[in-house]
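Residues per chain are reported as follows:
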Amino acid sequence: MANTDFNVKSMIPALPDEKIDMLAATSVLQQQATEIRTQRVNWQSYLQSQMISQEDYSFIVAFDNADAAGREALLRDNRNQCAKTFLNLLGHVSKDQTIQYILIMIDDMLQEDHSRVEIFREHSSKKRESVWGPFLNLLNRPDGFIMNMTSRIIAKIACWSQELMDRSDLQFYLTWLKDQLKQNSEALTDENLHGSRAAQDLSPDSVPESSAEQHEDNLNNEYMQSVARCLQMMLRIDEYRFAFVAVDGISTLLAVLQGRVNFQVQYQLIFCLWVLTFNPLLAEKMNKFSVIPILADILSDSVKEKVTRIILAVFRNLIEKPEEAMVSKEHCIAMVQCKVLKQLSILEQRKFDDEDICADIEFLNEKLQASVQDLSSFDEYATEVKSGRLEWSPVHKSAKFWRENAPRLNEKNYELLRILILLLESSKDPLVLSVASFDIGEYVRHYPRGKHVIEQLGGKQLVMQLLGHEDPNVRYEALLAVQKLMVHNWEYLGRQLEKEQTQTTKQPAGSGNLAAKA
């Protein structure tokens with residue numbers, strides 16, 4: 001795991017309560033917890049059936065009936081017994097309702113005093129066992145409340161303890177969080193699709209979705225918020241950030257953000273991205289995952305001030321935090337390319353009470369306007385290609401641009417050409433396919449070995465496949481590109497055509513027509 005020379009926690013500014021409210025009392029999870037607290041457990045029945053020992057029974061009854069002062073006194077003298085009893089109960093009790101009650105007791109105990117996480121650490125150290133095992137096992141339970149309450153406890157121990165979480169356990173937990181985000185997101189997407197189809201197919205005799213099913217849908221979304229809160233806690237610790245990136249966490253956050261999630265989840269996941277950008281190394285790599293285009297789209301649709309604020313904060317960090325000036329410049333250009341300046345001008349017209357938003361708008365405006373002044377045509381082109389959002393901007397149709405810059409598409413092991421070819425293979429957007437085909441044709445036209453390079457990279461076959469595309473514009477641009485690929489030496493042929501009135505030249509059959517069309 002990467003080590004850093006700075007205390008990242010100190011770099012994160014003091015946040016208003018709303019930003020760090022990982023344990024919102026209004027959440028469905030907390031509402032469920034409040035309800036479960038009222039359903040007291042009959043510990044006597046567990047003792048009589050010999051499911052728990054007298055020792056564990058005595059402690060849990062005393063703890064369950066104590067007030068805050070009583071719990072403090074009990075824990076002062078019985079720290080080891082506390083951990084021992086709770087872990088024994090979690091290991092021996094099978095009834096979901098009782099497990100739920102025990103987990104709430106543990107969660108409340110830790111919330112009351114963060115330093116109590118060390119009670120479990122000390123106990124596991126004495127027994128030479130992992131502190132994480134009993135809790136990680138509960139993440140496999142089918143009950144959603146048990147899984148997510150356990151996850152909160154794990155996050156608290158991992159973040160509030162003096163020792164960091166072990167590498168293998170950390171990887172397991174972060175992978176679990178990532179998978180929960182994906183599963184809940186996919187479930188919500190499926191439900192939305194099902195709901196829209198059901199609305200179309202609804203007949204007078206149809207039975208609407210039951211309130212119980214609707215309640216379950218709400219729980220899915222709420223548990224997603226709970227998962228996101230755990231990530232918000234975990235990613236404030238620098239070592240955990242690198243571990244999250246290693247399990248492909250950033251891609252997952254962005255995939256969920258591109259789906260249909262409510263603004264609260266949107267805010268929480270962008271918060272996670274924001275915290276990640278406080279590490280300069282991660283801030284430098286962030287846009288390789290297309291963070292800027294995705295957040296720019298959300299910004300343009302956002303109606304919630306908290307979502308707007310956190311996106312602007314991410315953008316600011318992507319410019320301020322990288323140590324390489326060139327990376328910051330690339331991020332600025334990417335934001336310009338994604339029409340962020342236009343959004344900033346719209347936001348300037350709105351009145352915000354939050355000073356941070358106003359300061360971030362001013363900062364971003366200044367940096368992006370400056371980058372526009374410095375922008376070369378090739379910088380603009382490269383940023384557009386890397387964004388994957390090709391359009392007919394003036395640079396594509398400029399013969400001067402291609403004469404001067406075609407060889408530069410070979411830089412960094414043909415990076416831009418590889419992206420263009422990947423777009424031909426993966427994009428479903430007719431505009432992107434049309435522009436990518438045109439650019440490949442112009443590269444071949446202006447770079448002598450272009451035909452060979454494109455063939456080696458697999459581009460020729462992909463362009464030819466587009467000759468049968470359903471969109472007429474794609475077919476047209478693909479045809480022009482194929483014509484250019486078929487001509488062996490475009491510049492030579494062009495010069496010969498100009499001289500054909502005064503000089504006899506041997507040309508391949510039909511090449512004159514090809515040149516004229518291109």
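Residues numbered from 1 in each chain as written. Predicted model: local features only at pLDDT ≥ 70, side-chain atom pairs only at ≥ 80, totals over all residues. Heavy atoms only, no water.

### Notes on the layout of surface pockets
Considering only enclosed or pocket space, the largest pocket measures out at about 750 Å³ in volume. What lines the largest pocket is a set of 24 residues, among which Glu330, Ala382, Lys386, Lys412 and Glu415 lie closest to the centre. Elements represented by at least two residues in the lining of the largest pocket include exactly helix H17 (280-285), helix H20 (325-337), helix H23 (377-387) and helix H25 (411-426). (1 Å grid on protein atoms, 1.4 Å probe; cavity = no way out; pocket = protein on both sides within 12 Å on 5 of 7 lines; lining within 4 Å. Points joined across faces, edges and corners; volume = space filled by probe spheres on them. Helix = DSSP H or I, 4+ residues; strand = E, 2+ residues; numbered from the N terminus.)

### Concerning the nonpolar core
Core analysis: the biggest nonpolar cluster contains 120 residues, and Phe120, Tyr173 and Phe315 have the highest contact counts within it. Listed in part, the 35 residues of the second largest apolar core include Phe378, Leu416, Leu423 and Leu466. (Core = buried A, V, L, I, M, F, W, Y, C linked by side-chain atoms within 4.5 Å. Buried < 20%, exposed > 50% of the residue type's maximum accessible area, 1.4 Å probe, protein only.)

### Description of H20
Helical geometry note: an α-helix holds 3.6 residues per turn, so side chains three or four residues apart project in the same direction. Here H20 contains 13 residues, and its C-alpha end-to-end distance of 18 Å stays within 8% of the 18 Å for a straight helix at 1.5 Å per residue. At its buried positions, H20 is contacted by H17, helix H18 (291-301), helix H19 (305-320), helix H21 (340-348), helix H22 (355-374) and H23. The first or second residue beyond H20 is lysine 339, which carries a positive phi of 65 degrees. (Expected span 1.5 Å × (residues − 1). Contact = heavy atoms within 4.5 Å.)

### Observations concerning the pattern of salt bridges
Two side chains with opposite charge may pair up if their charged atoms get near one another. Inspection of every chain in the model, using the stated rule, returns 26 salt bridges. The closest approach of N and O atoms between lysine 329 and aspartate 379, which form a salt bridge, is 3.5 Å. Of the two residues, lysine 329 sits in helix H20 while aspartate 379 sits in helix H23, which places them 50 residues apart along the sequence. Accessibility expressed as a relative area gives 30% for lysine 329, which makes it partly exposed. The partner of glutamate 391 in a salt bridge is lysine 339, and the shortest N-O contact between them spans 3.6 Å. Here lysine 339 lies in the loop between H20 and H21 and glutamate 391 lies in the loop between H23 and helix H24 (399-405), a separation of 52 residues in the sequence. (Salt bridge = Lys/Arg side-chain N within 4 Å of Asp/Glu carboxyl O.)

### Some thoughts on the side chain of threonine 150
Along the chain, the position of threonine 150 falls in helix H11 (residues 144-160). A polar side-chain atom of threonine 150 sits 2.7 Å from the main-chain carbonyl oxygen of isoleucine 146. Dropping the residues within four chain positions of it, threonine 150 is found in contact with Leu103, Phe135, Leu138 and Leu139. (Polar contact = N/O pair within 3.5 Å; in protein donor to acceptor, adjacent residues only side chain to side chain.)

### Considerations on unusual backbone geometry
Even without being glycine, glutamine 50 reaches a positive phi, approximately 60 degrees. Inspection of the secondary structure assignment puts glutamine 50 in the loop between helix H4 (43-48) and helix H5 (54-65).

### Focus: the environment of valine 307
Mapped onto the secondary structure, valine 307 falls in helix H19. Look at valine 307 and you get buried, because its relative accessible area is 1%. In this structure, the C-alpha to C-alpha distance between valine 307 and glutamine 266, residues 41 residues apart in sequence, is 7.2 Å. Beyond its immediate stretch of four places on either side in the chain, valine 307 contacts Phe263, Gln266, Tyr267, Ile270, Ile298 and Ser302.

### Here we look at the packing of helix H26 (residues 430-446) against helix H29 (residues 472-486)
At a minimum axis distance of 8 Å, the contact between H26 and H29 shows a crossing angle of 15 degrees. Relative to H29, the element H26 is oriented roughly parallel. Judged by the sense of rotation from one axis to the other, the crossing of H26 with H29 is left-handed. Residues Pro430, Leu433, Ser434, Ser437, Phe438, Gly441, Glu442 and Val444 of H26 lie in contact with H29, whose contacting residues are Asn473, Val474, Glu477, Ala478, Ala481, Lys484 and Leu485. (Axes fitted to C-alpha atoms, helices over the stretch in contact; angles between N-to-C directions. Parallel < 35°, antiparallel > 145°, perpendicular 65-115°, else oblique. Left-handed = near helix turned anticlockwise from the far one by under 90°.)

### Some thoughts on a nonpolar patch on the surface
Taken together, Met464, Leu467 and Leu479 make up a surface patch of nonpolar side chains, about 220 Å² in accessible area. By the element assignment, leucine 467 lies in the loop between helix H28 (459-465) and H29. With relative accessibility at 33%, the residue leucine 467 sits in the partly exposed group. (Patch = residues over 30% accessible without salt bridge, like charges linked within 9 Å, V, L, I, M, F, W, Y side chains within 5 Å. Areas by Shrake-Rupley, 256 points an atom, 1.4 Å probe, with all protein chains shown as cover.)

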